[in-house]
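Architecture at a glance
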Amino acid sequence: SGHVSPSHESPATNVEAANDVIEAALKAVPHGLRAALFLAKGNLAPAGSDDAIAAYRAGIADDGHHVPLYAALATELARQNRLQEARSVFRDAAGKVPDRARAAVIKAWAVFEHSVNNHVESRRLWRMVTQLHPRDAKAWRRYADAELKLGAQPVVVVDILEQAVS
């Protein structure tokens, strides 16, 4: 009569099943087109785990132009308090991705630096994004926010925002 009984599988079993599907897809999908699969595999692994890190590294090796893989890898490294290694991931990504994706890498890096309370570096990176994309209003706002975090006077922030609209 169309009644579906609830699943009695444990969450761990569901993760295992999902991993099996991802592994099968990784075998079927050509190299260079599998970034989302590696991202999913890493996301299924426990946060901050070596398995997550390995999945993201494998994804980058397969497709070195997928910015979310770099950001995910850096996040996992930071969870293990490997901050310098996380920064190296962003530096490598900025040099490897196509020009059109470089600002996305720098944005992710700026957000990362903010999350670890490195506001000086976050400010530098947001300023860089505004230079790459002068019409990116969110980048200008984040740059102004970073200046405020570092104690800038309101007149400095007003000047930054005036640059954004000029």
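Notes on the structure in this doc start here. (Residues numbered from 1 in each chain as written. Predicted model: local features only at pLDDT ≥ 70, side-chain atom pairs only at ≥ 80, totals over all residues. Heavy atoms only, no water.)

1. What about the overall build of the protein chain?
If you tally the helices and strands in the protein chain, you get nine helices and zero strands. Secondary structure elements of the protein chain occur, N-terminal to C-terminal, as α-α-α-α-α-α-α-α-α. A globule of 166 residues ought to have a C-alpha radius of gyration of about 15 Å, yet the protein chain, at 20 Å, is considerably larger. Overall, the C-alpha framework of the protein chain stretches about 65 × 35 × 35 Å when taken along its three principal axes. Across the 166 residues that make up the protein chain, the buried fraction comes to 35%. Considering only contacts within the protein chain whose residues lie at least 6 apart along the sequence, 40% involve residues at least 24 apart. If you sum the accessible surface of the protein chain, you get close to 9700 Å²; carbon and sulfur atoms cover 56% of it. (Helix = DSSP H or I, 4+ residues; strand = E, 2+ residues; numbered from the N terminus. Rg over C-alpha atoms; globule rule 2.2 N^0.38 Å. Buried < 20%, exposed > 50% of the residue type's maximum accessible area, 1.4 Å probe, protein only. Contact = heavy atoms within 4.5 Å. Areas by Shrake-Rupley, 256 points an atom, 1.4 Å probe, with all protein chains shown as cover.)

2. A word on helix α4 (residues 67-79)
Here α4 contains 13 residues, and its C-alpha end-to-end distance of 19 Å stays within 8% of the 18 Å for a straight helix at 1.5 Å per residue. Taken as a whole, α4 has its buried residues at V67, L69, Y70, A72, L73, A74, E76 and L77. Two residues or fewer after α4 comes N81, characterised by a positive phi angle close to 60°. (Expected span 1.5 Å × (residues − 1).)

3. Some thoughts on the pattern of salt bridges
Any two side chains of opposite charge can pair, given that their charged atoms come close. Taken as a whole and judged by the stated rule, the model has eleven salt bridges. Linking D99 and R102 is a salt bridge whose minimum nitrogen-to-oxygen distance equals 2.4 Å. Within this pair, D99 and its partner R102 are both found in helix α6 (residues 99-115), separated by three residues, close to a single helical turn. The residue K107 makes a salt bridge to D136 at a minimum N-O spacing of 2.6 Å. Taken as a pair, K107 in helix α6 and D136 in the loop between α7 (119-132) and α8 (137-149) lie far apart in primary sequence, 29 residues in all. In this structure K107 comes out as partly exposed when scored by relative accessible area, which is 29%. Residues joined by salt bridges that share partners form a network here, namely R57, R82 and E85. (Salt bridge = Lys/Arg side-chain N within 4 Å of Asp/Glu carboxyl O.)

4. Here's the deal with the nonpolar core
By size, the foremost hydrophobic cluster in this structure holds 39 residues, and its most contacted members are Y56, L69, L73 and V105. By residue number, the principal contributor to this core is α4, which donates seven residues. The residues contacting Y56, other than those within four sequence positions of it, are F38, L39, G42, N43, L69, A72, L73 and E76. (Core = buried A, V, L, I, M, F, W, Y, C linked by side-chain atoms within 4.5 Å.)

5. Some remarks on the packing of α7 against α8
One way to put it is that α7 packs onto α8 with a least axis distance of 8 Å and a crossing angle of 155°. On the basis of their axis angle, the class for α7 and α8 is roughly antiparallel. Taken as a pair, α7 and α8 cross one another with a handedness that is left-handed. Contacts between α7 and α8 involve H119, R123, W126, R127, V129 and T130 from the first element and A139, W140, R142, Y143, A146, E147 and K149 from the second. Here the residues of the contact of α7 with α8 are counted per class, giving six nonpolar, two polar and five charged. (Axes fitted to C-alpha atoms, helices over the stretch in contact; angles between N-to-C directions. Parallel < 35°, antiparallel > 145°, perpendicular 65-115°, else oblique. Left-handed = near helix turned anticlockwise from the far one by under 90°. Nonpolar A, V, L, I, M, F, W, Y, C, P; charged D, E, K, R; others polar.)

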